[in-house]
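# Chains, contacts and geometry: an overview
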Amino acid sequence: MVAHEVPFVGNSFLLYNWRNINIFFNEYDLKTLDEFDTFWKTRPGTFTFEDYNKIVSIGLQRKDQVVSAEKVDELVGEYVDNNSLNDLLATVYKAQMSSLVNADVPGELKGEMKVKPPRPSKNSSK
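In this report, we go over the structure that sits alongside the text. (Residues numbered from 1 in each chain as written. Predicted model: local features only at pLDDT ≥ 70, side-chain atom pairs only at ≥ 80, totals over all residues. Heavy atoms only, no water.)

The next thing to look at is the packing of helix α4 (residues 69–82) against helix α5 (residues 85–100). For the pair α4 and α5, interaxial distance at closest approach is 8 Å and the crossing angle is 120°. Comparing the axis directions of α4 and α5 gives the class oblique. Our pair here, α4 against α5, has a crossing hand that is right-handed. Residues Val 76, Tyr 79 and Val 80 of α4 touch α5, and the partners they reach there are Leu 85, Asp 87, Leu 88 and Thr 91. Within the contact of α4 with α5, the residues separate by chemical class into 5 nonpolar, 1 polar and 1 charged. (Axes fitted to C-alpha atoms, helices over the stretch in contact; angles between N-to-C directions. Helix = DSSP H or I, 4+ residues; strand = E, 2+ residues; numbered from the N terminus. Parallel < 35°, antiparallel > 145°, perpendicular 65-115°, else oblique. Left-handed = near helix turned anticlockwise from the far one by under 90°. Contact = heavy atoms within 4.5 Å. Nonpolar A, V, L, I, M, F, W, Y, C, P; charged D, E, K, R; others polar.)

With that settled, consider the pattern of salt bridges. Counted according to the given criterion, the structure contains 5 salt bridges. Here Glu 27 and Lys 54 are joined by a salt bridge, their closest N and O atoms 3.2 Å apart. Placement of the pair is Glu 27 in helix α1 (residues 18–27) and Lys 54 in helix α3 (residues 49–60), with a sequence separation of 27 residues. Across the salt bridge formed by Asp 37 and Lys 41, the nearest N and O atoms sit 2.9 Å from each other. Of this pair, Asp 37 and Lys 41 are both found in helix α2 (residues 33–42), 4 residues apart, which corresponds to roughly one turn of the helix. The class for Asp 37 is partly exposed, based on a relative accessible area of 30%. (Salt bridge = Lys/Arg side-chain N within 4 Å of Asp/Glu carboxyl O. Buried < 20%, exposed > 50% of the residue type's maximum accessible area, 1.4 Å probe, protein only.)

Moving on, we get to α5. Here α5 spans 23 Å end to end across 16 residues, near enough to the 22 Å set by a 1.5 Å rise per residue. All of the buried residues in α5 are Leu 88, Leu 89, Thr 91, Val 92, Ala 95, Gln 96, Met 97, Ser 98 and Ser 99. Looking at the buried positions of α5, the neighbouring elements they touch are β1 (4–7), β2 (13–15), α1, α2, α3 and α4. Among the residues of α5, the N-terminal cap falls to Ser 84, whose side-chain oxygen and the backbone nitrogen of Asn 86 are separated by 3.3 Å. (Expected span 1.5 Å × (residues − 1). Polar contact = N/O pair within 3.5 Å; in protein donor to acceptor, adjacent residues only side chain to side chain.)

Limitation: the analysis is restricted to geometry and does not speak to function.
Pasting the structure below:
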């Protein structure tokens, strides 16, 4: 999993690394990537303000740091003062997708998968 920090408000960034994606999946009872896809296609119209804050809060968390509910509310408020709720969801979705499937999403790279190509078999013909 390649995780990128995606700019949010001021000096804050959203990061959905393995830990944060697991928190998100658990919070919304998602088990598979298909359920994740369906979630983003069907659920945003039913979000409460608490959902917006919860989803952003998950993206703001770092290893041993949890951002207070008041700070999350302040950051979300500042974001929606200048953007729509759809923009907020698009930013969250972009941050999540940058860690799940797309390493080309702009943002500060926080980790990198290094995959070695498979070795050719000794029995393979040249």
